[in-house]
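If you want the building blocks of each chain, they are given just below.
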Amino acid sequence: METLLDHKRTVSTALFAEAKKLFPGGVNSPVRAFKSVFGTPIFIKKGDGCHIWDEDDQQYIDFCGSWGPLILGHNNAQIREHIYAAVAEGTSFGAPTRLEIELGRLIIDNHRYIEKLRFVSSGTEAVMSALRLARGATGKTKVIKFEGCYHGHVDSMLVKAGSGLITFGESTSAGIPEAFAQETIVLPLNDREKLEETLQQEGHNIACIIVEPIPANNGLLLQDPSFLECLRLKAYKHNVLLIFDEVISGFRVGFEGAAGYYGIKPDILTFGKIIGGGMPVGAYAASAELMSNIAPDGPVYQAGTLSGNPVAMAAGYAALKQLLEPGFYETLAAKTAAFVGSIQDYADSKGYPVTFPHIGSIFWVAFATERIIAAEQIDPASMSHFKVLHLELLKRGVYMGPSGYEVGFVSSAHTDADLAEAAEQFKAALDIVFNS
Ligand SMILES: *Cc1c(COP(=O)(O)O)cnc(C)c1O
């Protein structure tokens, strides 16, 4: 593949100027604005397999994968055919359809920790609903979350640790009343003592602990399984529900997500991204007993005009069905390990201070040599390296999400040859990062 050292953004730049007149920052989700990397956003017009093409007709090997959903790559034939078939019958009815049952059954039959679920339309909506369920079922109001975990743009989740002994949250966004933020307690990951202390003092007010079991929205902060087990045991002990936010990890590190990977049963799970096969779908799931709290069976209200949308259900079904093929996850994990291993070996041979934490088909470029498991270990200054890497990769036909805090995703559409090519481009880009 030829590289794009004379990288062009003529059409993208013109489109961005137009988009800025229409949308705040020219985008419909902030990280797309390229604020932490060089240049204007690249407008994409097409994707196929592991490749995307921009409006200036340049081709890239894509590791963003729409931020996680595209574990089968772009324009997957089976997903496309299922979507076409569904669209031909009409796109929305606001009444139950067979397709909801097909996707629901596929998930429940293949996930040991789920008895019932409810489909929604995004990961944020799944988390918002799961928190309401936890509060409704326990009659308690406070929530524990962890620094470095992202749970969508739910009011009570856009918080950081405040000051004080028990760190009631401070909001990280304008427009969130202080009183909402204070319902959230923010703790550092992997700090078992602080967790125990908080549960002892506040457990009677705490509805749930929510965690990304594989935190992948602020670097890849891989936890010791023993910390996740500790969360499970302490939640039982203090009569608090445990929510695994598996919007990224669900169907990514295995069909049963992180819960299955670690063999830990949370009380409530949330899904998004992969579950919709590239269409807007989210879900929250739990035991039949807990889910009986949800309307119309129970008092916790939650609804959605487009929930269980037939086109989205068809896409999700076609996607998840393929993930159940024997060996799917093993092959993908092995490919990913070989890919990052090759870049790591090269970086080590050159003495570059960069590591590639990875699990399943998720990887992160960490400009550090120590193992990073908590948000505060990430040196913000290291992001200047990512900025250069990002540009040099674009010039070499490799697309990564435009922030050094984001992870990369390998899909089943990345062939060994694609990954070998991408690894060579990574190595060349790292030479520039560390030698200029
Ligand atoms: C992406 C993500 C969300 C939010 O999902 P949206 O579909 O963007 O609303 C929530 N939690 C986690 C762990 C995520 O990765």
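Cut-offs used in this document
Residues numbered from 1 in each chain as written. Predicted model: local features only at pLDDT ≥ 70, side-chain atom pairs only at ≥ 80, totals over all residues. Heavy atoms only, no water. 1 Å grid on protein atoms, 1.4 Å probe; cavity = no way out; pocket = protein on both sides within 12 Å on 5 of 7 lines; lining within 4 Å. Points joined across faces, edges and corners; volume = space filled by probe spheres on them. Helix = DSSP H or I, 4+ residues; strand = E, 2+ residues; numbered from the N terminus. Nonpolar A, V, L, I, M, F, W, Y, C, P; charged D, E, K, R; others polar. Domains from an automatic or database assignment. Contact = heavy atoms within 4.5 Å. Buried area = accessible area lost by both parts, 1.4 Å probe. Salt bridge = Lys/Arg side-chain N within 4 Å of Asp/Glu carboxyl O. Buried < 20%, exposed > 50% of the residue type's maximum accessible area, 1.4 Å probe, protein only. Pairing = 2+ DSSP bridges.

**Notes on the layout of surface pockets**
Now for step 1: Empty space within the second largest pocket amounts to approximately 580 Å³.
Now for step 2: Glu100, Leu117, Arg118, Phe119 and Gly308 are the residues nearest the centre of the second largest pocket, which is lined by 24 residues in total.
Now for step 3: Contributing elements (two or more residues each) for the lining of the second largest pocket: α3 (98-109) and β4 (116-120).
Now for step 4: With 5 residues, α3 is the largest single contributor of residues to the lining of the second largest pocket.
Now for step 5: Of the residues in the lining of the second largest pocket, the class split is 10 nonpolar, 10 polar and 4 charged.

**Some points on the domain arrangement of the chain**
Now for step 1: Split by domain assignment, the chain resolves into domain 1 (10-75 + 327-435) and domain 2 (77-323).
Now for step 2: The distance between the C-alpha centroids of domain 1 and domain 2 comes to 26 Å.
Now for step 3: Contact residues are listed per partner, giving 27 residues for domain 1 and 31 residues for domain 2.
Now for step 4: Across the domain 1/domain 2 interface, buried area totals approximately 2,500 Å², and carbon plus sulfur atoms make up 62% of it.

**So, the pattern of salt bridges**
Now for step 1: Counting across every chain of the model gives 14 salt bridges.
Now for step 2: Taking the shortest distance from any N to any O, the salt bridge between Glu18 and Lys21 comes out at 3.4 Å. Placement of the pair is Glu18 and Lys21 together in helix α1 (residues 10-22), with a separation of 3 residues, close to one helical turn.
Now for step 3: Among the salt bridges present, the one from Asp224 reaches Arg371, with a minimum N-O distance of 2.9 Å. In this pair, Asp224 is assigned in the loop between β9 (206-211) and α7 (225-237) and Arg371 in the loop between β14 (362-363) and α12 (383-395), connecting sequence segments 147 residues apart.
Now for step 4: Classification of Asp224 by relative accessible area gives partly exposed; the value is 25%.
Now for step 5: Several salt bridges share partner residues, and in doing so they unite Glu196, Lys234 and Lys237 into one network.

**With respect to the pairing of strand β1 (residues 44-48)**
Now for step 1: Where β1 lies against strand β2 (residues 51-54), 4 bridges are found, and the strand directions are antiparallel. Paired with Lys46 across the bridge in β2 is Trp53.
Now for step 2: What sits between the antiparallel neighbours β1 and β2 is a turn of 2 residues, in which Gly49 has the positive phi angle 60 degrees.

**Description of the environment of Ile114**
Now for step 1: Position of Ile114 relative to the elements: it lies in the loop between α3 and β4.
Now for step 2: Apart from residues lying up to four places away in sequence, Ile114 is in contact with Ile107, Ile108, Leu269, Phe271, Ala285 and Ala286.

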